[in-house]
Amino acid sequence: MFRALLLAPPGAGKGTQGERLAERHGVPHLATGDLLRDHVARGTHLGDQAKAHMDAGGLVPDELVITMIVDRLGGSQPMENFILDGFPRTLAQAEGAYDWGRSMQRVFDAVIMLEVPEDELVRRLVQRGVEKGRTDDTEAVIRTRLQVYEENTAPLVEFYDRRGILVRVDGTGSVDEVTDRIEARLADILTE
Ligand code: ADP
């Protein structure tokens, strides 16, 4: 049983760590941002609705994202294990996910929160903009995304803390160091 959420601000390393954890534990890694970018690239109806929000650094409306994820996790053979990255990102999404998870016996075992100081986040994202050319990795849009994250995440943190599944992990240092820290905490949780 391995169902986890990576909760972290833009640039904290959710994608990198999510892929590593998924590979090590043999579970799928679903990143909402990747799924949305794929919809935009394919020009789907959802992608058309999401694009302007993403380019401005705002959030895609909750109903669209919830439907996209629930369709992906559910279906005729609901996924049993998964690492989600970037969803839930608002309290409404967390409540939607929890309702679905309870009805399907698919609630999270752990919510891993990566903590990185803001200066370091901006530095990493500006660098990624240069290397990967992501259209939302420009300094002005980065600042908006960090602010949107701050505003929406506090209630989420409280929601998961109350359920006793929030795990805070220092996200600074090398990629390997962060993976080791996460694994050490997960080892405790998964053997409980
Ligand atoms: P980052 O964490 O660096 O912002 P992501 O790839 O996770 O990168 O997300 C990119 C963009 O996709 C966000 O700025 C937002 O517009 C949209 N997005 C991703 N996940 C969600 C979500 N759960 N709810 C609403 N919008 C989302």
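Look up a bit, the structure's there.
All of these numbers come straight from a predicted model, not from anything done at the bench.

Between F87 and P88 the backbone carries a cis peptide bond, its omega angle lying at -5°. Along the chain, P88 falls in the loop between β3 (82-85) and α5 (91-104). Non-glycine residue Q105 carries a positive phi angle of around 55°. When you line up the elements, Q105 lands in the loop between α5 and β4 (110-115).

Neighbouring the ligand are 19 residues; K14, G58, G86, Q93 and R145 lie closest to it. In this structure, an oxygen atom belonging to the ligand sits 3.0 Å away from a side-chain N or O atom of R89. Protein contact buries 97% of the 540 Å² of open area that the ligand shows by itself. Among the elements that line the shell around the ligand, the one with the most residues is helix α2 (residues 32-42), at four residues.

Okay, the sheet that holds strand β1 (residues 3-7) next. With parallel pairing, five strands are arranged side by side in an open sheet as β2-β3-β1-β4-β5. Looking at strand neighbours, the two that pair on one side only are β2 (29-31) and β5 (166-170), the edges of this open sheet. Averaged over all adjacent pairs, the angle separating strand axes in this sheet is 20°, with direction ignored. Pairing geometry for β1 and β4, over four bridges, is parallel. When the sheet's bridge partners are listed, L6 is paired in β4 with I112. Along the sheet, α2 contacts β2 and β3; its crossing angle with β2, the most-contacted strand, is approximately 65°.

Analysis parameters
- Residues numbered from 1 in each chain as written.
- Predicted model: local features only at pLDDT ≥ 70, side-chain atom pairs only at ≥ 80, totals over all residues.
- Heavy atoms only, no water.
- Helix = DSSP H or I, 4+ residues; strand = E, 2+ residues; numbered from the N terminus.
- Near = heavy atom within 4 Å.
- Polar contact = N/O pair within 3.5 Å; in protein donor to acceptor, adjacent residues only side chain to side chain.
- Areas by Shrake-Rupley, 256 points an atom, 1.4 Å probe, with all protein chains shown as cover.
- Pairing = 2+ DSSP bridges.
- Axes fitted to C-alpha atoms, helices over the stretch in contact; angles between N-to-C directions.
- Contact = heavy atoms within 4.5 Å.

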